[in-house]
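# Observations on chain architecture
What follows is the residue order along each chain.
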Amino acid sequence: SSDLRRARSGRRVAVTATVVVVLAAGGAAIAERNRILSTGASPSNDGTSSDNGSSTATATVSQQDLTAQQQINGTLGYPGAYQVLGHAPGTVTALPAVGQVISQGQTLYQVNGAPVVLLYGSMPLYRDLSSGDTGADVRELNAALAALGYRTTATSDTYGARTVAAVKSLQGTMGVSKDGVLHQSQFVMLPGAIRITSLPATLGGAAGGPILAASGTNRQVKVNVDATQQANIKVGDQVTITLPDNRTTPGVVSTVGTVATAPADQANGGGSPTVEVDITPTDPAATGSLDQAPVQVSITTASAPNALVVPVNALLALTGGGYAVEVVTASGAHKLVGVQLGLFDDSSGVVQVTGTTLKPGDHVVVAGS
């Protein structure tokens, strides 16, 4: 029987698939070496050699900083989901367009010809605000007015004279009565700029109830990573995003989920639990404007500085267990040298080897020749 078989790795499934594909391309060359080297010999470092006489290619053993990258399917879009409810009696007389971006101080929609304006704040407006009121919602109002250029104290949680004056000025630009009261029916508080995604309301319809739905405006990629890989990914990790048109653009991991989610069909063997990982493109403009677009993300999950590496398709898996590479000596003879596998870099097709007498500059036979 043959002493060698196609190399396979016992590491994570995603990487195993890559290794098998790479080696399959060189199956004929491996089979030929298997036939020639099926003499019962084990890999050794004592100079025992076997000249197989087959036509092969060689690669040079090198030493380099190595990173392991995992390829994961993701979705490119916009984060956040917001619903704006109407609080004014009357008729909807103007609506934004789907896809429109609305920022602080701009009109979201109109009721009876009067605008409803967006202000930034994390706490939704739940009451009318007027002189003498205090609280976190007043502080957010003062911060929003200050950001718009009005002379309020951004950190104040009191609705004082400056707040009254600022609200009157803002109401003047809106064309509504300048009473200095922040009416819940005239303003909406959201954490930031929004992008309109749908319009439940209709022109001429009642202004109460859902008016519009929106997302945030930042570009974001979401990927679901096998929960067992969570510890290998951290905020700040650099990634490469492959867009639907095969262009690539860099990104960075912005959040790593802490709660694993089971797939809907897990009971039927439909996969392992995953955690959500969010990625922010370094150059959002390079990602275009597609929403919910399929992309592929290459995430660096580990690194090994100054690693001794060989091409993945130089590996030979031994029938009795373990791995070897076929070294071509200076005299042209061939011998098997045992190796232990370390970190894989799927993107460049190399693997770290340890526990071996290999050294940088050695020549090893690779499959596919």
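What comes next concerns the included structure.

How each quantity is defined
Here the residue numbering is sequential within each chain, running from 1 through the sequence in written order. Reporting in this predicted model follows two pLDDT cut-offs: at least 70 for local features of residues, and 80 or more for side-chain atom pairs to be given and counted; totals over whole chains, interfaces and linings ignore these cut-offs and use all residues. Side-chain numbers come from the whole structure's heavy atoms, not from hydrogens or water. Going along the chain from the N terminus, every DSSP run of H or I of four or more residues is numbered as a helix, and every run of E of two or more is numbered as a strand. Exposure categories follow from relative accessible area, calculated using a 1.4 Å probe and restricted to protein chains: below 20% of the type maximum is buried, above 50% is exposed, and the middle band is partly exposed. By definition, residues are in contact when any of their heavy atoms lie within 4.5 Å. Only the protein chains shown count as cover for residues, with accessible areas throughout obtained via the Shrake-Rupley method and a probe of 1.4 Å. Salt bridges are identified by distance alone: a Lys or Arg side-chain nitrogen within 4 Å of an Asp or Glu carboxyl oxygen. Here, strands pair whenever DSSP counts at least two bridges between them. Only the stretch in contact is used when fitting a helix axis, every axis being a line fitted to C-alpha atoms; angles between N-to-C directions are given from 0 to 180 degrees. Every angle not falling under 35 degrees, over 145, or within 65 to 115 is termed oblique; those three ranges are roughly parallel, roughly antiparallel and roughly perpendicular. Take the far helix as the reference: if the near one is turned anticlockwise from it by less than a right angle, the crossing is left-handed, and if turned clockwise, right-handed. Residue classes follow a fixed rule: Ala, Val, Leu, Ile, Met, Phe, Trp, Tyr, Cys and Pro count as nonpolar, while Asp, Glu, Lys and Arg count as charged, and any other residue, Gly among them, counts as polar. In this scheme Phe, Tyr and Trp rings, the latter by its six-membered ring, pair at centre separations within 6.5 Å, and the angle between planes marks the pair as stacked below 30 degrees, edge-to-face above 60, and tilted otherwise. Whether a charge lies above a ring is judged from NZ of Lys or CZ of Arg, which has to be within 6 Å of the ring centre and within 35 degrees of the ring normal.

Helix and strand counts for the protein chain stand at four helices and 21 strands. By residue count, 43% of the 369 residues in the protein chain fall in the buried class. Taking as baseline every contact in the protein chain between residues at least 6 positions apart, the subset at least 24 positions apart corresponds to 66%. When the accessible surface of the protein chain is split by element, carbon and sulfur atoms take 51% of a total near 17300 Å².

On to the pattern of salt bridges. In this structure the tally under the stated criterion is seven salt bridges. Ionic pairing is found between Arg195 and Asp291, a salt bridge with its closest N-O pair at 3.5 Å. Of the two residues, Arg195 is situated in strand β10 (residues 194–198) and Asp291 in the loop between β15 (274–281) and β16 (293–311); the sequence distance between them amounts to 96 residues. Here Lys359 ties to Asp362 by a salt bridge, and the two come within 3.3 Å at their closest N and O atoms.

What follows covers the pairing of strand β12 (residues 220–226). With four bridges connecting them, strand β3 (residues 62–77) and β12 associate as antiparallel partners. Bridging from a neighbouring strand, Gly74 pairs with Val223 of β12. In this structure, β12 lies alongside β15, joined through six bridges in antiparallel fashion. Paired with Val225 across the bridge in β15 is Val275.

Right, let's talk about unusual backbone geometry for a bit. Here Asn246, not a glycine, exhibits a phi torsion of approximately 75°, which is positive. Mapped onto the secondary structure, Asn246 falls in the loop between β13 (238–242) and β14 (248–256). A relative accessible area of 63% places Asn246 in the exposed class. Even without being a glycine, Gln292 presents a positive backbone phi close to 60°. Tracing the chain through its elements places Gln292 in the loop between β15 and β16.

Moving on to the packing of helix α3 (residues 136–147) against helix α4 (residues 161–174). It is at 11 Å that the axes of α3 and α4 come closest, and there the two elements cross at 55°. Taken as axis vectors, α3 and α4 run oblique relative to one another. For the pair α3 and α4, the crossing hand works out as left-handed. Contacts between α3 and α4 involve Leu141, Asn142 and Leu145 from the first element and Thr163, Ala166, Val167 and Leu170 from the second. In the contact of α3 with α4, the residues fall into five nonpolar, two polar and no charged.

We now examine the pairing of β3. By the bridge criterion, 14 bridges tie β3 to β16 in an arrangement that is antiparallel. Note that in β16 the partner of Leu76 across the bridge is Ala293.

A few words now on the environment of Gly271. Inspection of the secondary structure assignment puts Gly271 in the loop between β14 and β15. With 45 residues separating them along the chain, Gly271 and Asp226 place their C-alpha atoms 9.1 Å apart.

In total, this model carries zero aromatic pairs according to the counting rule given. Stacked on the ring of Tyr78, the Lys or Arg Arg219 has its end atom at 4.7 Å from the ring centre.

Sheet strands pair by backbone hydrogen bonding; their relative direction is either parallel or antiparallel. Taken together, the four strands give an open sheet; going across it, the order is β5-β7-β8-β9, and neighbouring strands pair in mixed fashion. In this open sheet, the two edge strands, each paired with only one partner strand, are β5 (92–94) and β9 (187–190). The average angle at which neighbouring strand axes cross in this sheet is 35°, direction not considered. Bridging between strand β7 (residues 107–111) and strand β8 (residues 114–120) involves four bridges; their strand directions are antiparallel. Bridge pairing in β8 places Gln110 opposite Pro115. Most of the contacts of α3 go to β8, to which it runs at about 100°, and overall it touches β8 and β9.

By themselves, these are just geometric observations and shouldn't be taken as functional.
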